[in-house]
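An overview of the molecular structure
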Amino acid sequence: MSTQNTFVPETLANTVKWLKLFEEKLARKYSILSNGNREKFWKFLVKSIDKTQLAADPVSKLVAIVGVAAHANCAMLPPKAHARMWKKIGSELDINVVSSDPSNYDCWVKDEKIPQAVASCIDQFPRTLTLSEEVRSYLLIHVYMKLKYENNHISNWVHKGGELDYWQHDFDDLAEEFATKLGMNSAEREMIEEELTLKRQSRERGYNASFMRILKSFQSGNIPTF
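Residues numbered from 1 in each chain as written. Predicted model: local features only at pLDDT ≥ 70, side-chain atom pairs only at ≥ 80, totals over all residues. Heavy atoms only, no water.

Quick word on the overall build of the protein chain
Cut-off, in case you're wondering: The secondary structure listing takes helices from DSSP runs of H or I that are at least 4 residues long and strands from runs of E that are at least 2 residues long, numbered from the N terminus. Here the term buried applies to any residue with accessible area under 20% of the maximum for its type, exposed to any over 50%, and partly exposed to those in between, with areas from a 1.4 Å probe on protein chains only. Two residues form a contact once any of their heavy atoms are found within 4.5 Å. Only the protein chains shown count as cover for residues, with accessible areas throughout obtained via the Shrake-Rupley method and a probe of 1.4 Å.
Broken down by element type, the protein chain carries nine helices and zero strands. Secondary structure elements of the protein chain, listed N to C terminal, follow the sequence α-α-α-α-α-α-α-α-α. Here the protein chain, with 226 residues, has 40% of them falling under the buried criterion. The contacts of the protein chain with a sequence gap of at least 6 include a subset with a gap of at least 24, amounting to 76%. Of the roughly 12,900 Å² that the protein chain leaves accessible, carbon and sulfur atoms contribute 52%.

Some words on the packing of helix H2 (residues 38-52) against helix H3 (residues 58-69)
The test is simple: As a rule, the C-alpha atoms of each element are fitted with a line to give its axis, helices using only the stretch in contact, and angles between N-to-C directions run from 0 to 180 degrees. Roughly parallel refers to an angle under 35 degrees, roughly antiparallel to one over 145, roughly perpendicular to one between 65 and 115, and oblique to any angle outside these ranges. Three classes are used, and their members are as follows: Ala, Val, Leu, Ile, Met, Phe, Trp, Tyr, Cys and Pro are nonpolar, Asp, Glu, Lys and Arg are charged, and the others, Gly among them, are polar.
The contact between H2 and H3 brings their axes to 9 Å, and the two run at 175°. One way to sum up the angle between H2 and H3 is to call them roughly antiparallel. Contacts between H2 and H3 involve Leu 45, Ser 48, Ile 49 and Thr 52 from the first element and Lys 61, Ala 64, Ile 65, Val 68 and Ala 69 from the second. Tallied by class, residues from the contact of H2 with H3 come to six nonpolar, two polar and one charged.

Remarks on unusual backbone geometry
Positive phi is not limited to glycine here, since Ala 75 has a value of about 70°. With respect to the helices and strands, the residue Ala 75 is situated in the loop between H3 and helix H4 (79-93). A positive phi angle is found at Gln 168, which is not glycine, with a value near 70°. Under the relative-accessibility criterion, Gln 168 is labelled exposed at 59%.

Brief notes about the packing of aromatic side chains
Our working rule: Stacked, tilted and edge-to-face are the three classes applied to pairs of Phe, Tyr and Trp rings, where Trp contributes its six-membered ring and a pair requires centres within 6.5 Å; stacked means planes under 30 degrees apart, edge-to-face means over 60, and tilted covers the rest.
The tally for this structure, following the rule as stated, stands at seven aromatic pairs. An angle of 5° between the planes, with centres 6.0 Å apart, marks the rings of Trp 18 and Phe 22 as stacked. A residue pair is termed a helical-turn pair when its members lie 3 or 4 positions apart in one helix, as Trp 18 and Phe 22 do in helix H1 (residues 13-29) at four residues. The class of Trp 18 is partly exposed, set by a relative accessible area of 30%. For Phe 22, a relative accessible area of 5% puts it in the buried group. Consider the rings of Tyr 30 and Phe 44, whose centres lie 5.8 Å apart with planes at 50°: the pair is tilted.

What to know about a positive patch on the surface
Formally: Patches here are clusters of residues that have more than 30% relative accessible area and form no salt bridge, with a 9 Å joining cutoff for like charges and a 5 Å cutoff for nonpolar side chains (Val, Leu, Ile, Met, Phe, Trp, Tyr). Definition used for salt bridges: Asp or Glu carboxyl oxygen within 4 Å of a side-chain nitrogen of Lys or Arg. Neither His nor the chain ends contribute to the count of charged residues, in which Lys and Arg are positive and Asp and Glu negative. Every charge is mapped onto a representative atom, which is NZ of Lys, CZ of Arg, CG of Asp or CD of Glu.
Taken together, the side chains of Lys 25, Arg 28, Lys 29, Lys 40, Lys 47 and Lys 51 define a basic patch exposed on the protein surface. Mapped onto the positive patch, the elements with two or more residues apiece are H1 and H2. Considering the arrangement of structural elements, one finds Lys 25 in helix H1. Residue Lys 25 is classed as partly exposed on the basis of its relative accessible area of 35%.

Some details on the environment of Glu 163
Position of Glu 163 relative to the elements: it lies in the loop between helix H7 (152-161) and helix H8 (171-182). On the basis of relative accessible area, Glu 163 is assigned to the buried category, the value being 15%. Each C-alpha atom, one on Glu 163 and one on Leu 77, is 8.1 Å from the other, the two residues being 86 residues apart in sequence. If we ignore the near neighbours within four places in the chain, the residues touching Glu 163 are Leu 77, Ala 81, Arg 84, Met 85 and Trp 157.

Things to note about the confidence of the model for the protein chain
Inclusion rule: Confidence scores labelled pLDDT are given residue by residue by the predictor and lie between 0 and 100.
Per-chain confidence: the protein chain averages 86 in pLDDT, with 83% of residues scoring 70 or above. Per-residue pLDDT, averaged within each element of the protein chain, yields its smallest value for helix H9 (residues 186-219) (78) and its largest for H3 (97).

Structural notes on the nonpolar core
Under the convention used in this document: Remark: nonpolar core denotes a set of buried residues (Ala, Val, Leu, Ile, Met, Phe, Trp, Tyr, Cys) joined through side-chain atoms within 4.5 Å.
Counting residues in hydrophobic clusters, the biggest one holds 56 residues, and the most contacted among them are Trp 42, Ile 114, Trp 167 and Phe 178. Looking at this core, the element that brings in the most residues is helix H6 (residues 133-149), giving 10 residues. Look past the residues within four positions of Trp 167 in its chain and what remains in contact with it is Trp 42, Ala 72, Asp 111, Glu 112, Ile 114, Pro 115, Ile 154 and Val 158.

As C-alpha cells, this is what we get:
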C-alpha cells in the first residue's frame with residue numbers, strides 16, 4: 001500500500017465525483033471564513049452530512065461522510081461552541097461578552113451531527129465485508145489517515161478547550177475506532193504514521209511561514225487586515 005496512491009476504485013468513482021463537486025461548491029461559497037459567514041458555513045457542512053446519509057453502500061457512505069466532516073477542522077468554531085467560548089471568557093473576567101442568548105443553543109446549527117454521523121457509520125461498518133486491496137488501501141488513506149490529519153483544531157476544542165466537548169469524540173478517536181473495525185495491521189499503521197509525520201511537519205512549516213509574513217507586515221507598518 002502506498003499513501004501516495006491516487007487510484008480511485010471503480011466502486012467509489014461516483015462518491016469521489018460527488019465529493020469533488022462538494023469541494024468546488026465549498027470553495028466558491030466559503031473561500032474566506034469569518035464571523036459573518038460562520039453560521040452559513042456550518043449549516044452547509046451539516047446539510048452536506050445529511051446528504052451523505054442517503055448512500056446505501058457502507059464504503060461509499062463512509063468515504064463521503066469523512067470527506068465532508070474533515071472540513072470541520074477549519075479553525076473556526078461553530079456558532080454554539082463560539083458562544084460557549086465567549087460565555088466562559090466573560091465568566092472568568094466577570095464581564096458580559098456574550099452577544100447571543102445561550103438559551104437559544106438548541107435552535108442553532110446542529111454541528112454535533114458531524115461526529116455522530118462519522119461514529120454511526122463506523123459502528124455500522126460490517127466487519128465481515130470483503131474488501132479488495134485497492135478499496136482497503138483507499139479507506140486507510142481517505143478515511144483513517146484523513147481523520148488523523150484533520151484533527152489538530154478539533155482535538156483542542158473537544159479535549160483541551162472544551163468548546164466542543166459535547167461532540168464527545170475527536171477525529172483521532174473515531175479514526176482509531178475505524179482501525180479496530182478494519183483490523184488494521186502494524187505494517188499499515190507504521191506506513192501511515194510515517195506519512196502523517198511528514199504531512200504534519202509540512203503543515204507546521206506553512207503555519208510558521210504565515211506567522212513570519214504577518215510579523216514582517218507589523219514591523220514594516222503595514223498592518224494586515226483579518
